[in-house]
Amino acid sequence: MENKRITRGVNWRGWTYAALFAMTMVSIAEVAIAEKKAETKFEWKKTDTSLALLNNGSVVWEHHHDKATGKPHMKVCLTDGTELTRPWPKPEGYKGYDHTWHKAMWWSWKFINGTNFWEHNHESTVPVKVDAAAADDYSGRIVLDISYKLPRQETILKEKRLVAISTPGADGRYSIDWTATFTAGKKDVTLNKNWYGGMAIRMAKRTSKWTFRDSEGREGQKGCSRKCSKWVDFSGDLEGDKKAGLAIFVHRDNPRQPPPWCVIQGMPYFNPVFTGAEDYTLPAGKSLTLRYRILVHSGIMTRKQVESEWKTFCDSADGSKVKPTPAPAPAKPGRLAFISSGKEQYSFDTGVLRGTLRQGGRSRGLSAMTHIPSKTRLDGGAGVFGHYRVFTTNKRYGPAAWGWASTSKLTSDGAVEVHWPKAKDRPFEMTAVYRWSGPDTLDLTTTVKAAADLSKFESFIASYFTKSLPASSIYVEGSPKSGGKASFQTTEKSAGHWQMFPRNKDVVSVIKDGRWKQLPHPVDWAIRDNLAAPLGIRRGKGGAPTAILMAPAEDCYALSTPYAGEGHRSLYLSLFGRDVKAGKTATARCRLVIIKSPTEPQIVELYKKYAAKLSDAAKGAATGK
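It is worth spelling out the overall build of the chain at this point. Counting its regular elements, the chain contains five helices and 41 strands. The buried share of the chain, taken over its 625 residues, is 51%. Taking the contacts inside the chain whose residues are at least 6 apart along the sequence as the reference set, 61% of them involve residues at least 24 apart. For the chain, the computed accessible surface area is about 28600 Å², with 53% contributed by carbon and sulfur atoms.

Quick look at the structure:
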């Protein structure tokens, strides 16, 4: 009996194990089937009016360019098909569908020459030519010619647009690069001031509890709307345990940087507003190029991660090929002159320095600048020796001078003359002349002609360098620490984020007269020691050269810089700082020298020779000699 029971028990256990094994195999099979189903399987879907990337039959993104509906737009989703943008047109049964002209992700100016192009007027923004390409690596590229016109009237504005979508990564991340070049027709075109319009995204209802964050550390609609920032990220929870987000990056080379934003939590909706602060007039036949990147990401990214992605975008080449800038014609090595290398673009090769002035015909100083002996790239961010901000007492003229329309010409002696005309919001004209005086030395002369009284006029010259030149030092008056001798003072972080060194105490009132409180990006300068002379350096490391900026004391009232190691890696000259009466002109000079491993006494000696040369020239002019 006992053996029988044992046998029966064993049989029972055997059946149990067999059943469990079978159930396990079924579970494993089910998981395998589910995993197989979840595997990425991309494919293209292309029609005459759309291009879409699908994953297992679900849309990842879809670009619509139907001429009949106008205003091309994109549907944006996660790679699993979760829709992030609000569907357009209104789906059957969709409730609460306001602002029916909000087309997922799209571009629309609000007012052009005072006419509303925003709402239901699709016939005024029409894709007249479309080239949609689907690549084998599942990246996409759509090039469009778009016409802005009113019915039965001539086109007033043309746009060449590139939308380039990257291959989705293993983590589901992908980017959409949006480059648009707008060209005015036969007449000037004014893009009118408004607090929304341009690159816009209307998000899906499922994102209504997400959080807006901007590049300046602000959050929410109250923190981000109508504030200027380089990027805004919108992210949060989705169904289940998923988290995701979408960020819009504005390229640092766009005019009017950084822009204000329209951010509306309740919709949700956000867009960087190019014309948020003031009108922008595009002269007849002239062009304006704007670059953006939309980053779709799974999970929540830290602010540092988003900032890093923004920098990567800004450092990337413009792959648009929509309206390529001609490659600079090589200048003859060793020539102390600029040569024309494109429309209002100039190259140089002095034997020591090589690069471009007015890249793409835009006045942002020196770019693609290389120190030939050390093979060091010098320019970073917005270029070197460029005219940035312009002030009078408690007033700033627009976000930046490099966004103003300007013309240029090559002079007979190889210099370049740049001219900014007077405008409605600028009661002055400004001229700058760039001239080589040595293979490592560039002189810049800036002249302002006032059409009205200018109180404490200032031209703020900006130079942005690469990581090879990480820290600034400024030449200041003697102190007990230096034994009463003038010396170069470093810019430690403990002294403040943004540090300004005035000519003397008398000019501090100019610095603090309200000009630096103006939006966008007001700056609270930490006032440091008085200058011994307007002389500052950014010392190279790892074999890189040193950049030296200098100006005569009467032409420059302050030097400024961020703390050592700060990401801008910049050095600034505050020129003029004096009244200019209506009808009068004023001139300020400065010099850039790039030299390998100079000692501080050598740098000071260079400055003394420069100041003496200017003094002798002034005396000669006064005596007629």
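Attention shifts here to the nonpolar core. What tends to happen in soluble globular proteins is that the nonpolar side chains get buried as a cluster. Ranked by size, the top nonpolar core spans 54 residues in total, and within it W109, L246 and F270 carry the most contacts. The element contributing the most residues to this core is strand β11 (residues 174-184), with six residues. F348, L444, F457 and A586 belong to the second-largest nonpolar core, a separate cluster that totals 51 residues.

Let us look at the environment of V593. For V593, the position within the fold is in strand β41 (residues 585-595). A relative accessible area of 5% places V593 in the buried class. Between the C-alpha atom of V593 and that of P439, which follows or precedes it by 154 residues, the distance is 9.1 Å.

Here we take up the state of the cysteines. Considering all chains together, one arrives at zero disulfides under this definition. Its sulfur unpaired, C590 is 7.8 Å from the next cysteine sulfur, which belongs to C556.

A separate point is the pairing of strand β3 (residues 58-64). Burial analysis of β3 places five of its seven residues in the buried class, the great majority of the element. Sheet analysis places strand β2 (residues 50-55) next to β3, joined by six bridges and oriented antiparallel. Within β3, the position partnered with L54 by the bridge is V59. Here β2 folds back onto β3 in antiparallel fashion, the turn holding two residues, of which N56 has a positive phi close to 50 degrees. Where β3 meets strand β4 (residues 73-76), four bridges bridge the pair, whose relative direction is antiparallel. Bridge assignment links H63 to a residue of β4, and that residue is M74.

We now examine the sheet that holds strand β29 (residues 416-420). With respect to topology, nine strands assemble into an open sheet ordered β28-β29-β30-β31-β41-β38-β37-β33-β34, the strand pairing being antiparallel. Each end of this open sheet is capped by a strand with a single partner; those strands are β28 (407-410) and β34 (487-490). Each adjacent strand pair in this sheet contributes to an overall mean axis angle of 20 degrees, direction not counted. One ladder, built from five bridges, connects strand β38 (residues 546-550) with β41; its direction is antiparallel. Considered in β41, the bridge of I548 is made with V593.

What follows is about the pairing of strand β37 (residues 531-539). Of all nine residues making up β37, seven are buried, and the element is well covered by its neighbours. By the bridge criterion, four bridges tie β37 to β38 in an arrangement that is antiparallel. Paired with L535 across the two strands is M550, which belongs to β38.

Bringing the side chain of S560 into the picture now. Within the element layout of this structure, S560 appears in strand β39 (residues 556-562). According to the relative accessible area criterion, S560 is buried, its value standing at 0%. Setting aside anything within four residues of it in sequence, one finds S560 in contact with F460, Q499, M500, W525, L571 and Y572.

This paragraph deals with the environment of T445. The residue T445 is located in strand β31 (residues 441-450) in this model. Residue classification places T445 among the partly exposed positions, given a relative accessible area of 28%. For the pair T445 and Y434, spaced 11 residues apart in the sequence, the C-alpha separation amounts to 6.8 Å. Sequence-distant contacts of T445, that is, excluding residues within four places in its chain, are made with T431, A432, V433, T587, A588 and R589.

The rules behind these values
Residues numbered from 1 in each chain as written. Predicted model: local features only at pLDDT ≥ 70, side-chain atom pairs only at ≥ 80, totals over all residues. Heavy atoms only, no water. Helix = DSSP H or I, 4+ residues; strand = E, 2+ residues; numbered from the N terminus. Buried < 20%, exposed > 50% of the residue type's maximum accessible area, 1.4 Å probe, protein only. Contact = heavy atoms within 4.5 Å. Areas by Shrake-Rupley, 256 points an atom, 1.4 Å probe, with all protein chains shown as cover. Core = buried A, V, L, I, M, F, W, Y, C linked by side-chain atoms within 4.5 Å. Disulfide = S-S within 2.5 Å. Pairing = 2+ DSSP bridges. Axes fitted to C-alpha atoms, helices over the stretch in contact; angles between N-to-C directions.

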